[in-house]
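An overview of the molecular structure
Take a look at the letters that make up each chain.
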Amino acid sequence: MSSHPTTDSSLRAQPLADMPGPRWDRKRAIYPTSLQRYLECPRRCRLEYVERVKYTRRWSRPLQVGNALHEVMERIANTLHGHQPPVSATAVRAWLDTLLPAQEYADQHERVADIDRVLEWAERGRRYITHGNPTILRVEKHYPRNWSEPGALGKVQLGAKADLVIRRKDRKGRYVEIVDYKTGHSRSLSRFTPILSAIALKPRIAAALPEQSEPRVVFSYLRFAHGERDRIALTRERKQGDWDELRPLLIRMVNDESWPMHPAPQRCSHCPYFNRACFPTEPDMRISR
Ligand code: SF4
């Protein structure tokens, strides 16, 4: 992040009582992450997604381990999708050497433990994916979709990024499974990821199950740190209930002009805008783009 101050952009990032702020760009899709940011702290959402104030994240061990697992799983799924020979454990280990670089670790034992953990999780993930010989439909793709309805919500784009979309078969018949990988220990789930995924992926799901007038869909969180799976059947009732909760939040988000701060010690300590665009303590740290 550059450190030179820009007075105009600092002013733009400060809420002014008599001057409403900008609204959400309706051409920009609302994804589970941006919605989550909004629900946690509207101010942060404005800085990150509306003002697009750039920031540099410090290296974070849990985050990088999670990113490494996602990258390895993406490669495994793409290999299966392309009917290519499996990636060897040696090749994955060599790749993890670059994804989790030695210079970022003060204790190299921790790095070895992280690499071993990701390898173990990836093998568990591979076994999960291949169980029952499913058809891999999509790997790590963003799906924005136009959504329009009369009234306060109007036209918006709703989106989701699916780690993996597969078609399986059980004794009840075929169904689509949307898979989301989780590596953290926290049990807090992104509440609206399943419904946003169902909305964003609806055309793809319909194409994958053309014989079903109401396609059967399951959303799975693979929780690697716990060795568990949370399975959510996206029935009509479940989707309707989620949408009834989500809709008023979307209306609030796309019409918000005040973007209030929701400070909390834990939240702010992890926020990249703390002491910069938000609560600036030094003039030259206020903001940078
Ligand atoms: S520092 Fe705290 S109040 Fe400010 S944007 Fe970040 S989370 Fe919100």
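Structure's up top.
First things first, this report covers the structure right here in the doc.

Cut-offs and rules
- Numbering of residues begins from 1 in every chain and follows the order in which that chain's sequence is written.
- Side-chain atom pairs in this predicted model are given and counted only at pLDDT of 80 or more, local residue features only at pLDDT of at least 70, and totals for whole chains, interfaces and linings cover all residues.
- No hydrogens and no water enter the side-chain calculation; it runs on all heavy atoms of the structure.
- The helix and strand labels rest on DSSP assignments: H or I over at least four residues marks a helix, E over at least two residues marks a strand, and numbering proceeds from the N terminus.
- Exposure is judged per residue with a 1.4 Å probe applied to protein chains only, and the accessible area is read against the type maximum: over 50% gives exposed, under 20% gives buried, and values in between give partly exposed.
- Remark: nonpolar core denotes a set of buried residues (Ala, Val, Leu, Ile, Met, Phe, Trp, Tyr, Cys) joined through side-chain atoms within 4.5 Å.
- Segmentation into domains, and thus their bounds, comes from an automatic or database assignment.
- Throughout, a residue-residue contact means that at least one pair of heavy atoms, one from each residue, lies within 4.5 Å.
- In this description, strands pair whenever DSSP reports at least two bridges between them.
- Lines fitted to C-alpha atoms define the axes here, with helix axes fitted over just the stretch in contact, and angles between the N-to-C directions of these axes take values from 0 to 180 degrees.
- Nearness is defined per residue: one heavy atom within 4 Å of the molecule or strand is enough.
- Amino acid classes used here: Ala, Val, Leu, Ile, Met, Phe, Trp, Tyr, Cys and Pro are nonpolar; Asp, Glu, Lys and Arg are charged; the rest, including Gly, are polar.
- Any pair of Phe, Tyr and Trp rings, taking the six-membered ring for Trp, is counted once the centres come within 6.5 Å. Such a pair is stacked with planes under 30 degrees apart, edge-to-face with planes over 60 apart, and tilted for the rest.
- Our definition puts a charge over a ring when NZ of Lys or CZ of Arg is within 6 Å of the ring centre and also within 35 degrees of the ring normal.
- We count a salt bridge whenever a side-chain nitrogen from Lys or Arg sits within 4 Å of a carboxyl oxygen from Asp or Glu.

1. Considering the overall build of the chain
- On a plain count of helices and strands, the chain comes out with ten helices and five strands.
- Counting all 289 residues of the chain, 42% fall into the buried class.

2. Some points on the nonpolar core
- Among the nonpolar cores identified, the biggest contains 28 residues, and Leu 69, Val 72, Met 73, Leu 96, Leu 164 and Tyr 181 are the most heavily contacted of them.
- Elements with a contribution of two residues or more to this core: helix 4 (61-81), helix 5 (89-99), helix 6 (108-130), strand 1 (135-149), strand 2 (154-170) and strand 3 (173-182).
- Mapped onto the domain boundaries, this core takes at least three residues apiece from domain 2 (64-130) and domain 3 (135-253).
- Sequence-distant contacts of Leu 164, defined by excluding residues within four places in its chain, comprise Ala 77, Ile 129, Ile 136, Arg 138, Val 139, Glu 177, Ile 178, Val 179 and Tyr 181.
- Counting 21 residues, the second-largest nonpolar core is a separate cluster that includes Leu 153, Leu 158, Met 253 and Val 254.

3. Overview of the sheet that holds strand 5 (residues 228-233)
- One open sheet holds the five strands; their spatial order is 1-2-3-4-5, and the pairing between them is mixed. Only two strands of the sheet have a single partner each, and these edge strands are strand 1 and strand 5. For this sheet, the mean inter-axis angle between neighbouring strands, taken without regard to orientation, is 35°.
- With seven bridges connecting them, strand 2 and strand 3 associate as antiparallel partners.

4. Quick word on the site of the ligand
- Near the ligand the following residues occur: Cys 41, Arg 43, Arg 44, Met 261, Pro 263, Arg 267, Cys 268, Cys 271, Phe 274, Cys 278 and Phe 279.
- Broken down by secondary-structure element, the contributors of at least two residues to the shell around the ligand are helix 3 (42-50) and helix 10 (265-269).
- Among the residues forming the shell around the ligand, the class breakdown is eight nonpolar, no polar and three charged.

5. Re the packing of aromatic side chains
- With the rule as written, the count across this model stands at eight aromatic pairs.
- Considering the side-chain rings of Trp 121 and Phe 224, the 6.1 Å spacing of their centres and the 35° angle between planes classify their relative orientation as tilted. Note that Trp 121 is positioned in helix 6 and Phe 224 in the loop between strand 4 (217-223) and strand 5, a separation of 103 residues in sequence. Across this residue pair, the class does not change: Trp 121 and Phe 224 are buried.
- Within the aromatic cluster, the residues linked to one another by ring pairs are Trp 121, Tyr 181 and Phe 224.
- Its guanidinium or amino end placed over the ring of Trp 95, Arg 75 lies 3.9 Å from that ring's centre, counting from NZ or CZ.

6. Some words on the pattern of salt bridges
- Applying the stated criterion across every chain yields a total of 25 salt bridges.
- One salt bridge in this structure joins Arg 61 and Glu 110, with 3.3 Å as the shortest N-O distance. Placement of the pair is Arg 61 in helix 4 and Glu 110 in helix 6, with a sequence separation of 49 residues.
- On the basis of relative accessible area, Arg 61 is assigned to the partly exposed category, the value being 28%.

Everything listed here is a matter of coordinates, which is why it stays silent on function.
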